[in-house]
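These are the residues of each chain, in order.
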Amino acid sequence: MSMLNVENVHTFYGNIHALKGINLHIEQGEIVTLIGGNGAGKTTTLRTISGLLKPSEGNITLNGEDLIKYPAHEVVYKGVSMVPEGRGVFARMSVTENLEMGAYSQSDTGKLARNMERVFHLFPRLKERRAQLAGTLSGGEQQMLATGRALMAEPKLLLMDEPSMGLAPVLVELIFDIIQQINNEGVTILLVEQNALMALSIAHRGYVLQTGEIVLGDKAEQLRNDPTVQKAYLGIE
Amino acid sequence: MRTNLSERLLDLAVSVFMWGFRVLIVAVILIGTISTIQAGKYTSEQWIDFVVQGISQGSLYAMIALGYTMVYGILRMINFAHGDIFMTGAFGAYFLATWLNNTGFIDSNPLLGLLIPILFAMLVAAGIAMLVERIAYRPLRNAPRLVPLISAIGASFFLEYAFRGFFGPGVYAYPPINALDGEWQIFGIGIQKVQVVVAVSAAIMMAILYSIVMFTKVGKAMRAVSENKDTAALMGINVNSIIVSTFAIGAAMAGAAGVLNSLLFRQINFMIGFVPGIKAFTAAVLGGIGNIPGAMVGGLVLGIFESIGPSLFLEGLGIPRPYQLKDAIAYTMLVMILLFRPSGILGERLSTKKA
Ligand SMILES: Nc1ncnc2c1ncn2[C@@H]1O[C@H](COP(=O)(O)OP(=O)(O)OP(=O)(O)O)[C@@H](O)[C@H]1O
Ligand SMILES: [Mg+2]
C-alpha cells in the first residue's frame, strides 16, 4: 500500500476545471516531484491533498485512510504538513511564534521545545532571528521559516510548493540540501517545482502536470532524459 | 491633454479645500482654547475633573472598541451589532444585580456584588454574540463584503427591538452600590470612587485581554487567523472555532463595559448600546481598525477629547451650550480621521489591507 494515493481527482474553482482526473502515488520515504508550467494545477493538487480544496470526484488516501473527509485543520493531525506557495509566514508574528503555530497540533510542550531546537539546528539563521517579526525576514529566511514551521508538526508527509521560488541560487542549493536532509530523517516529500532540473536531481520519482492532467510519471532519472521533458522543462533543445 | 489639465485642476482644488479644512479645524481649536483660558472660567480642579471623566468614559469606549477591532482583524467586517451586545450585557447584569440587591448581598459584599454581575454580563453578551455570529454572519462568510454589513445592521435592530419587546421601552435603574458613593483623595485631588473603579476595572480587563491575545495559544491562533485563514488551517487551527472565540471575547469585554457603564450612568434601556457603539467604532477607527492597542488608545483619546473639548475649545468661541456638542466632537474626529489619516493613530493604511 502506498503512503499517499491520489486517484482520479477532479477539482474545480467555480466553473474552472483545474484538475482533470489526477492519479499519483507516493511511497513511504520517497521524494516525489511534481513539475509543470504556470497554471498547470500544481498548487491546486497540493491544496486538494491538504484539504483546503475539496475535489468534486476521486479519492485521496493516506496509508489507506480516506483523507477527503477531513477538513484542512484535521489533515495536519493525520501527519500531512504543507509549506505553502509564497511561504505564507505570519508576517506580524515573531519567528518563535510562527514555529509555535506550526506545532499547534502538538499537545506535548516538551516535544515542542525539542522540535524547535531541531529546526534551529537545521536553520541556525532562524535562531539568530527568533524574536524578529517574520515579515521583516528576507525571502530566503522566510522560506526557512515556512519549512521549519511545517516540520514542527512532525509530519509523515511534507508537501512543498515551489520552495525555490524567488531565491538566489545559493539559497536554492541550501534549501534543496535541507529537503534531502529532512527526507533522510524519514519524512516523505511531495515537492512541487518549476525548477525542474533541481527537483529532478534530488527526487526519486516525478510527475509532469499539464493543464490539470498528469502527462508523464516516471523515475527522476528517466524524466531527466526524456526529450519532451528536456525540451519543455529543462530548457534543453 | 485637456482632460489631464482639468484633472490636475480638480486635484489642486480638492487639496486646497482639504488644507483649508485642516487649517479651519486647527484655528477653531486654537482660538477657542486661548479665549477659554483667558476667560479663566474653570478652575484647575474642574479641568482635572473633565479629564478624569474623560478617562473613565474613554476606557469604556476602549473596551467596546476592542470587539470591533478584533472582529475586523479576523473577518474584515464591521460588526454593527456590537453596541447592542454591550446593551444585552447591561440588561443581564441589571436583573442579576437587582436580585442580589434585594437579598442585601450587594450591601454586605460590595466587591462580589460588583464582580458577579460583571461575570454574568460577560457570559450573556458572549452567548448572544456567538448566536449572532452563527446565524447572521457565518452563512455569509464568502458573500461580498457589503452583505454581512447589512446583516449586521439587521442583527443590531433585531437585538434592540427584541429587548424592547421583552422589557419595554422604559428605563431601568441599575441598583446603587453604596460602597462606591463619595470620593477618594488621590494626590490631594478628590475623585469620585465610581470613576476610579470603572477606569481601574477597565484597565485590568484590557490587560487580561491583551495578555490572552499575545501569550496564549488561542490568542496566537487568533492572530494567525487574522493574517491568513488558509495558512492557519494548515497549522491545524480550527478557523471557525477561533472566529467564534474572537466574537465571544470581544463581546465579553463589551458586556463588562455594559456593567461599568451602568455604574456610571445608572440607566438601562434597549437603546443604550447605540451611541456608545458608534463612539467605540469611532475609537477603533481612530486607533487604527484591526489594531488592539490602537483601540485602547483611541478609546481614551476620544473620551478625553469629548470630555474637555466642549469647555476647552467650544465655549471660548461663544457657543451657548457647548456641552451639547460633545457628540459632534466625536463625529468630527471620525470624519477627520477618515479624511486625513485613514490608518488611524497606530494602524496601517486601510486601503492596503487585504480584503
Ligand atoms: N482561486 C482560484 N480561482 C479560480 N481559478 C483558479 C484559482 N486558483 C487557481 N486557479 C486556476 O486553476 C489553474 C491551476 O492553478 P494552480 O495555481 O494550481 O497552478 P500552478 O501549477 O500552481 O501554477 P504556478 O506555477 O503559477 O503556481 C489555473 O488555470 C488557475 O488560473
Ligand atoms: Mg502554484
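Residues numbered from 1 in each chain as written. Chains lettered and ligands numbered in written order. Predicted model: local features only at pLDDT ≥ 70, side-chain atom pairs only at ≥ 80, totals over all residues. Heavy atoms only, no water.

Colleague: Describe in detail the site of ligand 1, supporting the description with residues and values.
Modeller: Residue and element names in this part refer to chain A. Near ligand 1 you find 14 residues, and of these Lys42, Thr43, Thr44, Glu85 and Gln194 are the closest. One of the side-chain nitrogen or oxygen atoms of Tyr13 is found 3.5 Å away from a nitrogen atom of ligand 1. Between an oxygen atom of ligand 1 and a side-chain N or O atom of Glu162, the distance comes to 3.1 Å. Surface burial for ligand 1 is 63%, taken as the share of its 630 Å² of free accessible area covered by protein chains. Elements with a minimum of two residues in the shell around ligand 1: strand S2 (16-26) and helix H1 (42-49). By residue number, the principal contributor to the shell around ligand 1 is H1, which donates three residues. A per-class count over the shell around ligand 1 returns four nonpolar, seven polar and three charged. (Near = heavy atom within 4 Å. Polar contact = N/O pair within 3.5 Å; in protein donor to acceptor, adjacent residues only side chain to side chain. Areas by Shrake-Rupley, 256 points an atom, 1.4 Å probe, with all protein chains shown as cover. Helix = DSSP H or I, 4+ residues; strand = E, 2+ residues; numbered from the N terminus. Nonpolar A, V, L, I, M, F, W, Y, C, P; charged D, E, K, R; others polar.)

Colleague: Got a sec to walk through the pattern of salt bridges? Specific residues and values, please.
Modeller: All names here are of chain A. Scanning the model with the defined rule gives 14 salt bridges over all chains in all. Between Glu141 and Arg125 there is a salt bridge; the shortest N-O distance is 2.8 Å. Residue Glu141 is found in helix H6 (residues 139-151), and its partner Arg125 is found in helix H5 (residues 124-128); the two are separated by 16 residues along the sequence. On the basis of relative accessible area, Glu141 is assigned to the buried category, the value being 5%. Arg125 gets classed as partly exposed once you look at its relative accessible area, which sits at 38%. (Salt bridge = Lys/Arg side-chain N within 4 Å of Asp/Glu carboxyl O. Buried < 20%, exposed > 50% of the residue type's maximum accessible area, 1.4 Å probe, protein only.)

Colleague: Any chance you could break down the coordination of the magnesium ion (ligand 2) for me, citing the residues and the numbers?
Modeller: Around a metal, the perfect tetrahedron of four donors has angles of 109.5 degrees, and the perfect octahedron of six donors has angles of 90 or 180 degrees. For the magnesium ion (ligand 2), the full set of protein donor atoms is A:Thr43 (OG1) and A:Glu85 (OE), at a range of 1.8 to 2.4 Å. Of this pair, A:Thr43 sits in helix H1 while A:Glu85 sits in the loop between strand S6 (80-83) and helix H3 (95-102); the two residues are 42 residues apart in sequence, bridging distant segments of the chain. (Donors = N, O, S within 2.8 Å, 3.2 Å for Na, K, Ca; no water.)

Colleague: Pulling in residues and values, what's your account of the sheet that holds strand S1 (residues 4-13) of chain A?
Modeller: All names here are of chain A. With antiparallel pairing, four strands are arranged side by side in an open sheet as S2-S1-S4-S5. Only two strands of the sheet have a single partner each, and these edge strands are S2 and strand S5 (65-66). Alignment of strand S4 (residues 57-62) against S5, held across two bridges, turns out to be antiparallel. Across the sheet, residue Leu62 finds its bridge partner in S5, namely Glu65. (Pairing = 2+ DSSP bridges.)

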